[in-house]
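Listed below, chain by chain, are the residues.
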Amino acid sequence: MSHNIITELVSIVGNSYVLTAQEDTAPYLTDWRRRYTGKALAVLLPSNTEQVAAIVKLCAHHNIAIVPQGGHTGFCGGATPDNSGKQVVLNLKRMNHILEIDASNQTISLEAGCILQSVQEQAAAQGFLFPLNLGAKGSCMIGGNLATNAGGTNVLRYGNTRDLCLGLEVVTAQGEIWHGMKGLRKDNTGYDLRDLFVGSEGTLGIITGAVMKLYPLPISQWTTLIATQDIASTIALLNLFQKRATSLLTGFEMMAQESLALNEKHFPQMANPLQGRPPFTILVELSDHESEEHVRQLLESILEEAFEAGVISDAVIASNLTQANSFWHMREQITLAQATEGANLKHDITVPLSTLESFITETDRLIRAQYPGVRIINFGHLGDGNLHYNIAPPEGVDPQTFNAANEKRVHELVYGQVERCGGSISAEHGVGQLKLEGLRAHKGAVAHDLMKTLKRALDPQNILNPHKVVSI
Ligand code: FAD
Ligand code: 2HG
Ligand code: ZN
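The text that follows walks through the structure, step by step, so that each part is easy to find.

Here is what the cut-offs are and how they apply
Residues numbered from 1 in each chain as written. Chains lettered and ligands numbered in written order. Predicted model: local features only at pLDDT ≥ 70, side-chain atom pairs only at ≥ 80, totals over all residues. Heavy atoms only, no water. Helix = DSSP H or I, 4+ residues; strand = E, 2+ residues; numbered from the N terminus. Rg over C-alpha atoms; globule rule 2.2 N^0.38 Å. Buried < 20%, exposed > 50% of the residue type's maximum accessible area, 1.4 Å probe, protein only. Contact = heavy atoms within 4.5 Å. Areas by Shrake-Rupley, 256 points an atom, 1.4 Å probe, with all protein chains shown as cover. Lys, Arg positive; Asp, Glu negative; His and termini not counted. Charge placed at Lys NZ, Arg CZ, Asp CG, Glu CD. 1 Å grid on protein atoms, 1.4 Å probe; cavity = no way out; pocket = protein on both sides within 12 Å on 5 of 7 lines; lining within 4 Å. Points joined across faces, edges and corners; volume = space filled by probe spheres on them. Nonpolar A, V, L, I, M, F, W, Y, C, P; charged D, E, K, R; others polar. Near = heavy atom within 4 Å. Polar contact = N/O pair within 3.5 Å; in protein donor to acceptor, adjacent residues only side chain to side chain. Donors = N, O, S within 2.8 Å, 3.2 Å for Na, K, Ca; no water. Salt bridge = Lys/Arg side-chain N within 4 Å of Asp/Glu carboxyl O. Pairing = 2+ DSSP bridges. Axes fitted to C-alpha atoms, helices over the stretch in contact; angles between N-to-C directions. Expected span 1.5 Å × (residues − 1). Parallel < 35°, antiparallel > 145°, perpendicular 65-115°, else oblique.

### Here's the deal with the overall build of the protein chain
Thought 1: Looking only at helices and strands, the protein chain features 17 helices and 18 strands.
Thought 2: Taken over C-alpha atoms, the radius of gyration comes to 23 Å for the protein chain, in line with the 23 Å a tight globule of 472 residues would show.
Thought 3: In terms of its C-alpha atoms, the protein chain occupies a principal-axis envelope of roughly 70 × 55 × 45 Å.
Thought 4: Expressed as a percentage of the 472 residues in the protein chain, the buried residues total 55%.
Thought 5: Restricting to contacts in the protein chain with at least 6 residues of sequence separation, those with at least 24 account for 73%.
Thought 6: Summed over its atoms, the accessible surface of the protein chain is roughly 20,000 Å², and 52% of this surface lies on carbon and sulfur atoms.
Thought 7: Looking at the protein chain, you have 36 positive and 47 negative side-chain charges, and the mean spots of the two groups are 6 Å apart.

Listed below in C-alpha cells is the structure:
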C-alpha cells in the first residue's frame, strides 16, 4: 500500500519533493533540542496551497497522519513525527514567497514558509517594521510562528504573533481551502476562525498563508544594560519604565546571573559590560519616531530616577548600533549556551507581574533546598511576566542522569508554584508532545474537554498532528 501512496504523492508534488531515503529525511525527524526523533513514511515539500490540499485529501483517504513542519525550531516536539513510520511530515519551506506589501493598509501578505528574518528584512526595505522577533528568526517560519503563537522580544509593545495576524489561508483536515486572507482590523462575522488556527500547533489545520500587520520603522532606538540586586527592584524598574516611557518601551528582558555565567563559560568573548556580575542584568530598549536626542534624554532621566530611588546599581547605554546588537546577542545566546552545556529542564512559564517576586523567591528556595548545587538558568521576557526558568544539573553532573532521575519532580515543583501564583505552564513555546500530559490538570476538565470537542469537530479522523496538544 505504501508504494501506491508514494506514487500518488509523487504525482502531486513531483519526484524530487517526496523524500523517503534515510539520509534525505533525517534532518526533518529530530527536533532542535535533540529530545525527540521520529520516523516518517515520507517528508513532503509542496510548493503551493493546491498541492497541500491534494496531499491532505489523499492522506485522509488512506487515513495517514500528517505532521506540519516549518523551521523545526519549536521546543515542544510539535513538528516531530512519532516512531511508527506511518506519518508523513509536510514541510512548507518551499512556500516562501512574499505576496504583497500593502503600504496603505500597512500589511504584508505572505506564504507560510517565509523565514521570519527575511520577512523582517523585506518589510524594512519598504520602510516598515515587522515586529515579531525571536532568537530563531534565521530558521523559523511564519507558519510555525502562527501555529505556536510565538512571543519573543517585542511582545510588550506589539503583542505576540496572534496580535499581529489579520488573515489566514488554511487547508482543513478534509483538504478544503479556507480563503481567509483579509487585511481587516475589524470583522465581527461570527466565530473567529483565524484565532482558532493561531496557536493550534498544526492540530486543526495547515496554515498556508497569512496577512500580517506592519508598523512604521522607528527612527531612533536606545538599548541599555542595567544591573539590579533583587527581583523586587527589577519589577520596580519595569514599572518605572512603563510609567515614564509608556509606548516607547519596546524591550524589557531579564538575565539572572547563573544564565550569564553559562554564556561566559561557552562564549568567553561575550563579556557583560556591567561591573561585578550583578544578580540580575536587565536589557531595556526604547524606540521612537522622534529624534534620537529625545529618546536619549528620556532614557537618561529614567535611569537617574532609578539610581536615586536605589532601584539600580549600574547601567551602560549602548553607544552605537554594534554595541546595541552585542547586548541583544548576549541575551539571545543564552539558549545556545544551554544547549552547549547539555540537556536541561525547560520551563517556559508566565505569572502576573504582581506574583512574579513571590514565584521566583519561593521556587528558588525550594529548588535550592531539594536539589543542592543545581543551576537555575532564569531569564526571559520579564516585561511580559514570562520567565524561562530552566534547571541545569550541578556542574560536573551528567545532564542525562540528572534529568532521568529528577525531571518529573522538578516539573511538579515548578508548575506547582506556577499554579499557586495564577500563571501558565506555557507562555510562548506551546504544548506539542512535551506538555501533552500536564495540560489537562493545568487547563481544568471543562477547558480541556472543550479543546477536545473542537479537535473532534475539525479533525474527526484525527489525522492532523495527532497526540500533540490534546489526544482524542
Ligand atoms: P516548527 O518547529 O516547525 O513547528 C512548531 C509547531 O507548529 C509544530 O506543532 C508544527 O506541527 C506546527 N506548524 C509549523 N508550521 C505549520 C503550518 N504552516 N501550519 C500548521 N502548523 C504548523 N519561541 C518563542 O515563542 N519566543 C522566543 O523568544 C523563542 N526563541 C527561540 C530561540 C531559539 C534559539 C530557538 C531554537 C527557538 C526559539 N523559540 C522561541 C521557539 C521556536 O522558534 C518558535 O516556537 C517558532 O515559532 C517555531 O517556528 P518553526 O517554523 O520552527 O515551527
Ligand atoms: C528565548 O527567549 C527563547 O530566548 C528560548 O524563548 C528560551 O532557551 C529557552 O528556554
Ligand atoms: Zn522566550
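### As for empty space enclosed by the protein
It is the rolling of a water-molecule-sized probe over the atoms that shows where space remains empty.
Thought 1: Under the criterion given, the structure shown has two cavities of 30 Å³ or more.
Thought 2: Taken as a whole, the largest cavity holds about 40 Å³ of empty space.
Thought 3: Every residue along the wall of the largest cavity is listed here: Leu260, Asn263, Glu264, Met270, Ala271, Asn272 and Met330.
Thought 4: The element contributing the most residues to the lining of the largest cavity is helix 10 (residues 257–266), with three residues.
Thought 5: Considering only residue class, the lining of the largest cavity consists of four nonpolar, two polar and one charged.
Thought 6: Size it by volume and the second largest cavity reaches roughly 30 Å³.
Thought 7: Every residue along the wall of the second largest cavity is listed here: Arg33, Phe75, Cys76, Lys346, His347, Asp348, His429, Leu434 and Lys435.
Thought 8: Looking at the lining of the second largest cavity residue by residue, the classes come out as three nonpolar, two polar and four charged.

### Here's the deal with the site of ligand 2
Thought 1: Every residue lining ligand 2 is accounted for by Phe75, Arg331, Thr335, Gln338, Lys346, Phe379, His381, His388, Asn390, Glu428 and His429.
Thought 2: Contact distances for ligand 2 include 2.8 Å between an oxygen atom and a side-chain N or O atom of Thr335.
Thought 3: In this structure, His429 approaches ligand 2 through a side-chain N or O atom, which is 2.8 Å from an oxygen atom.
Thought 4: Within the complex, the protein chains bury 90% of what would otherwise be the 300 Å² of accessible surface of ligand 2.
Thought 5: Counting only elements with at least two residues in the shell around ligand 2, the list comes to helix 13 (334–341), strand 17 (375–381) and strand 18 (386–392).
Thought 6: For the shell around ligand 2, the per-class residue count stands at two nonpolar, six polar and three charged.

### A word on the coordination of the zinc ion (ligand 3)
Thought 1: With distances of 1.9 to 2.1 Å, the protein atoms coordinating the zinc ion (ligand 3) are His381 (NE2), His388 (NE2) and Glu428 (OE).
Thought 2: Each donor residue of the zinc ion (ligand 3) belongs to the same chain, and together they define the spacing H-x6-H-x39-E. Of this pair, His381 sits in strand 17 while Glu428 sits in the loop between helix 15 (399–420) and helix 16 (436–443), and the two are 47 residues apart along the sequence.

### Some thoughts on the site of ligand 1
Thought 1: Inspection of the region around ligand 1 gives 35 residues, with Pro68, Gly70, Gly71, Thr73 and Gly74 positioned closest.
Thought 2: The backbone of Gly70 places a nitrogen or oxygen atom 2.8 Å from an oxygen atom of ligand 1.
Thought 3: A distance of 2.7 Å separates an oxygen atom of ligand 1 from a polar atom in the side chain of Thr73.
Thought 4: When ligand 1 is considered free in solution it has 980 Å² of accessible area, and contact with the protein chains removes 95% of it.
Thought 5: Where the shell around ligand 1 is concerned, the elements lending two or more residues are strand 3 (66–69), helix 5 (142–148) and strand 10 (205–213).
Thought 6: Its residues assigned to classes, the shell around ligand 1 shows 13 nonpolar, 20 polar and two charged.

### Observations concerning the side chain of Glu285
Thought 1: Relative to the assigned elements, Glu285 resides in strand 14 (residues 280–288).
Thought 2: Buried charge without a partner: Glu285 forms no salt bridge, and the closest opposite charge is Arg157, 9.8 Å away.
Thought 3: A polar contact is formed between the side chain of Glu285 and the side chain of Gln221, at a distance of 3.4 Å.
Thought 4: The contacts of Glu285, once residues within four sequence positions are left out, are Asn154, Gln221, Trp222, Thr223, Leu248, Leu249, Thr250, Gly251 and Trp328.

### Points about the pattern of salt bridges
Thought 1: Here the structure, examined in full by the defined rule, presents 17 salt bridges.
Thought 2: When the shortest N-O distance is used, the salt bridge between Asp192 and Arg194 registers 3.5 Å.
Thought 3: For Asp459, the salt bridge is made with Lys455, and the minimal N-O distance between the two is 2.7 Å.
Thought 4: Looking at Asp459, the relative accessible area reads 1%, which means it is buried.
Thought 5: For Lys455, a relative accessible area of 1% translates into the label buried.
Thought 6: Each of the salt bridges in this network shares a partner with another, and the network as a whole consists of Arg162, Asp192, Arg194 and Asp195.

### A look at the sheet that holds strand 5 (residues 98–102)
Thought 1: In space, the five strands of this open sheet follow the order 5-6-10-8-9, with antiparallel pairing throughout. Since the sheet does not close on itself, it has two edges, and those belong to strand 5 and strand 9 (177–180), each with one partner. The mean inter-strand angle of the sheet, taken between neighbouring strand axes irrespective of direction, is 15°.
Thought 2: Sheet analysis places strand 6 (residues 107–111) next to strand 10, joined by five bridges and oriented antiparallel. Bridging across to strand 10, Ser109 finds its partner in Val211.
Thought 3: Relative to strand 8 (residues 165–172), helix 3 (residues 49–62) is tilted by about 45°, and along the sheet it contacts strand 8, strand 9 and strand 10.
Thought 4: In the packing of helix 4 (residues 116–125) onto the sheet, the strands contacted are strand 5 and strand 6, and the crossing angle to strand 5 comes to about 40°.

### Some thoughts on helix 9 (residues 231–245)
Thought 1: For helix 9, with 15 residues, the first-to-last C-alpha span of 20 Å sits near the 21 Å given by 1.5 Å per residue.
Thought 2: Among the residues of helix 9, Ile231, Ser233, Thr234, Ile235, Leu237, Leu238, Leu240, Phe241 and Ala245 are the ones counted as buried.
Thought 3: Buried positions along helix 9 lie against strand 12 (220–228), strand 13 (249–256), strand 14, helix 11 (292–308) and helix 14 (353–370).
Thought 4: Of the residues flanking the end of helix 9, it is Thr246, one or two places downstream, whose phi is positive at about 35°.

### What to know about the packing of helix 16 against helix 17 (residues 445–458)
Thought 1: Closest axis-to-axis distance for the helix 16/helix 17 pair is 6 Å, and the angle between their directions is 125°. Considering their axes alone, helix 16 and helix 17 lie oblique with respect to each other. The residues of helix 17 that touch helix 16, namely those facing Leu439, Arg440 and Lys443, are Ala445, Ala447, His448, Asp449 and Met451.

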